[in-house]
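Overview (structure and organization)
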Amino acid sequence: MGVGPVELIGILIALFSGGGLLGLPVSVPPLPPDAVVQRAAPDTCLFHLETAGVAAPAEGAANPVERMLADEEIGSFLAAAAREIVSAAKQSVPLPPQAEDAVLVLLRTALERPWVISVERFVPPSPVAPPSVAATFLLRVGDSEKALRGAMRTLLGDAVAGLSPGEANGGAKGALQRVATPMGDLSWGFVDMSLVVAVGDGVAESLLERIGDEDRGTPDWKADVERRLPVERRATLLHVDAGAIVALLTATAPNQREAKAMISATGLGGLRSLDAVSGLGDEGFVADLRLGFDGAPEGIFAAPEKGVGQKELSRAPADAVRVQSWSLDGARWLETVVRIAKTVEPRAADDMRQSLAQVKAVAGFDLEDDLLAKLGPDWTMCDLAAAGGLVPGMALVVGVRDHDGFAATHEKLLALVERVGAASETKATVTTTTYRGQAIHTLSVAGPGMILPITPAWCLLDDRLVVTLSPQVAKSLVDGTGNQGPAAFAEEVSGVGDTPADYVGIVDTRAVFRTLSSAYEFAAPLARQGAQGSGLRITLPDLPPASAVTPFLAPSVTVMRHEADRSEEHTSELQSRQYLVCR
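Structure report, in brief. Since we're looking at a predicted model, the values are computed, not measured.

1. Some thoughts on the overall build of the protein chain
Summing up its helical and strand segments, the protein chain has 19 helices and 21 strands in all. In the protein chain, which comprises 583 residues, the proportion classed as buried is 45%. Carbon and sulfur atoms provide 59% of the accessible area of the protein chain, an area that totals close to 28,700 Å².

Take a look at the structure:
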């Protein structure tokens, strides 16, 4: 069994739930649920994504995120930024004036109105038949139908010239155009204040029947997502039938034996579903991601041996403005990587083992047993507010299982650096100083044409290894030995609970805003000059004052856990919750 890397789950969170959709704050604040969009969901599907559409933020709203978006100065900045983005796009991709207006109508409607896209089935091509698909797209156009019709007619010409009101199949008012394609019929048109697009034989008729049935209930798969991932005011919902997609990939692989072996080694064989939602909760913005499994997750998705709790979080210094803590067994993860490599190319695993043996011969220690096995399983990355200046205050704090064993490996590492530096024009030198009874090591590199703008430093304490980008930051962490964790996140740390998590991330959004504001003020003139050099005329808007933003900000928290699925036997889940609490 391997240990799943947090990086993989972090990518999934960023793509599918962090901020709603592909990392962007889609449909915030959300419109109330649209009945037609809800009825459009098919009974079964491979992929389903829906957005609620954007409501006008209410100044006196109970949700602080909505109140922040309703602030006049913040709203003015966002509007000005949107205008500059549109202006830059127009200058970068010149279009006839009518086409420019048409594209803006399409983009504005898609960003502001509710829409849903579903892929019900996909049949891969065979030697005797092309691929076939059943997929639908529905956009609730509201009072934008006339403008959207004109925009589509401008861009597509005769392809939509025949669209006119009439009676469509399923009893809904509208008309559909239809053209045959190798993958089935392609149908599109306006029906009941909605733009409808469908691919597949009989798919359009099925969609129109669903949206015309006012008594239609919620499909079982969607009801299950809503039950597991409740959000007070949902903005987006994503469902992926991961098990079916993995089966499709396996069936269409050139070498099914190798594909099955790799899927088994990675743990993808047990993955059943991927679900994500985002929206507004009681106190702020919420984004949830859930991976469902048959049985216990394995391979890269396997649960860590220990987990992150209050003790691990307390290792971050008191003045940290960002803390990311996770559990990872480096030796077991290396074993998983080798096993996966073997399924792809048997010789690859042998080559990796041979490389590890060469490292042992040169360095005098075994990378797996003498280094990785001595570290972890808790890892914490943090940023210190006190570092300041141009050197980032980032630090990595790694748990040490065997202090004496790792200390011996560390001495061999220092000797290796000395040997390599002596035999090369580029000199690497490690200097050791004592600070408050602890040895702090710093690395300096110099050579022809070699400039290293940082001075990496590290310190081995009793139960942890501290690695930083400067001696100053290393000293700050030595000073913080034995503290009770970041003071700014005391409430958030206690809110993580007693049950260990796979991953906990806490970010001081006020500090992030201050940093980004400084970077914006510094970069804006450079960006303006660079754009002018490329022939673009842009005027970046002034940021709203900090007094208009920071009162709304509070720490953002992300927690990821493995849990048994209590609603079904022999199943489990890996769930992540990210919430931005505002004031």
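2. Quick word on helix H12 (residues 330-344)
Between its terminal C-alpha atoms H12 stretches 21 Å, which fits the 21 Å expected from 15 residues at 1.5 Å a residue. Among all positions of H12, only Gly330, Ala331, Leu334, Thr336, Val338, Ile340, Ala341 and Thr343 are buried. Each element contacted by the buried residues of H12 is listed here: helix H10 (256-266), helix H13 (346-363) and helix H14 (367-371). The distance from a side-chain oxygen at the start of H12 to the backbone nitrogen of Ala331 is 3.1 Å, and the residue carrying that oxygen is Asp329.

3. A closer look at the pattern of salt bridges
Enumeration according to the criterion identifies 18 salt bridges in this entry. A salt bridge links Lys222 to Glu50; the nearest nitrogen and oxygen atoms lie 2.9 Å apart. Separated by 172 residues along the polypeptide, Lys222 in helix H8 (residues 220-228) and Glu50 in strand S3 (residues 47-51) bring together distant segments of the chain. Glu50 carries the same exposure label as Lys222, and that label is buried. Notably, a salt bridge pairs Arg290 with Asp275, separated by 3.7 Å at the nearest N-O pair. Remark: Asp275 occurs in strand S10 (residues 271-280) and Arg290 occurs in strand S11 (residues 284-294); sequence separation between them is 15 residues. Asp275 carries the same exposure label as Arg290, and that label is buried. Overlapping salt bridges bring together Glu50, Lys222, Glu226 and Arg234 as one network.

4. A short note on H8
Restricting attention to buried positions, one finds in H8 the residues Trp221, Lys222, Val225 and Arg228. Buried positions in H8, seen along its axis, are confined to an arc of 130° and lie on one side of it.

5. Points about the pairing of strand S13 (residues 375-384)
Counting buried positions along S13 yields 9 of 10 residues, so the element is predominantly enclosed. One ladder, built from 7 bridges, connects strand S12 (residues 320-327) with S13; its direction is antiparallel. Bridge pairing in S13 places Trp326 opposite Trp379. Note that S13 and strand S14 (residues 394-400) share 6 bridges and pair antiparallel. Looking at S14, one finds that Leu375 is bridged to Val400.

6. A closer look at the side chain of Thr51
By the element assignment, Thr51 lies in strand S3. Thr51 sits in the buried class, given a relative accessible area of 3%. The residues touching Thr51, leaving out its near neighbours within four places in the chain, are Val26, Ser27, Arg113, Pro114, Trp115, Ala235 and Thr236.

7. Remarks on the pairing of strand S9 (residues 233-240)
The buried count for S9 comes to 6 of 8 residues, which makes it a mostly enclosed element. Sheet topology note: the S3/S9 ladder contains 5 bridges and is antiparallel. By the bridge assignment, His48 is partnered in S9 with His239.

8. Quick notes on the nonpolar core
Counting 43 residues, the largest nonpolar core has Leu148, Leu195, Leu291, Leu375, Phe406 and Leu465 as the members making the most contacts within it. When sequence neighbours within four positions are dropped, the list of residues in contact with Leu148 reads Val105, Leu106, Thr109, Leu139, Val141, Phe190 and Leu195. Ranked by size, the runner-up nonpolar core spans 24 residues in total, among them Leu313, Val323, Cys382 and Ile440.

9. Points about the packing of H10 against H12
The angle between the axes and the distance between the axes are what describe a pair of packed helices. The interhelical angle for the contact between H10 and H12, taken along N-to-C directions, is 170°, at an axis separation of 8 Å. By the angle between their axes, H10 is roughly antiparallel relative to H12. Residue-level inspection shows Glu258, Ala261, Met262, Ala265 and Thr266 of H10 in contact with H12, the latter providing Arg339, Ile340, Thr343 and Val344. In terms of residue class, the contact of H10 with H12 is built from 5 nonpolar, 2 polar and 2 charged.

10. Things to note about unusual backbone geometry
If a residue is not glycine, its phi is most likely negative; likewise, a peptide bond is most likely trans. Here Val28 and Pro29 are connected by a cis peptide whose omega angle stands at -5°. By the element assignment, Pro29 lies in the loop between strand S2 (24-25) and helix H2 (35-40). In the Ramachandran plot, Asp192 falls in the positive-phi region, its phi being about 50° despite a non-glycine side chain. Among the secondary structure elements, Asp192 is positioned in the loop between strand S7 (184-191) and strand S8 (194-199). On the basis of relative accessible area, Asp192 is assigned to the partly exposed category, the value being 36%. Positive phi, close to 60°, is recorded for Met193, a residue that is not glycine. Position of Met193 relative to the elements: it lies in the loop between S7 and S8. Taking the relative accessible area as the measure of exposure, Met193 reaches 44% and is therefore partly exposed.

About the cut-offs
- Residues numbered from 1 in each chain as written.
- Predicted model: local features only at pLDDT ≥ 70, side-chain atom pairs only at ≥ 80, totals over all residues.
- Heavy atoms only, no water.
- Helix = DSSP H or I, 4+ residues; strand = E, 2+ residues; numbered from the N terminus.
- Buried < 20%, exposed > 50% of the residue type's maximum accessible area, 1.4 Å probe, protein only.
- Areas by Shrake-Rupley, 256 points an atom, 1.4 Å probe, with all protein chains shown as cover.
- Expected span 1.5 Å × (residues − 1).
- Contact = heavy atoms within 4.5 Å.
- Polar contact = N/O pair within 3.5 Å; in protein donor to acceptor, adjacent residues only side chain to side chain.
- Salt bridge = Lys/Arg side-chain N within 4 Å of Asp/Glu carboxyl O.
- Arc of directions from axis to C-beta.
- Pairing = 2+ DSSP bridges.
- Core = buried A, V, L, I, M, F, W, Y, C linked by side-chain atoms within 4.5 Å.
- Axes fitted to C-alpha atoms, helices over the stretch in contact; angles between N-to-C directions.
- Parallel < 35°, antiparallel > 145°, perpendicular 65-115°, else oblique.
- Nonpolar A, V, L, I, M, F, W, Y, C, P; charged D, E, K, R; others polar.

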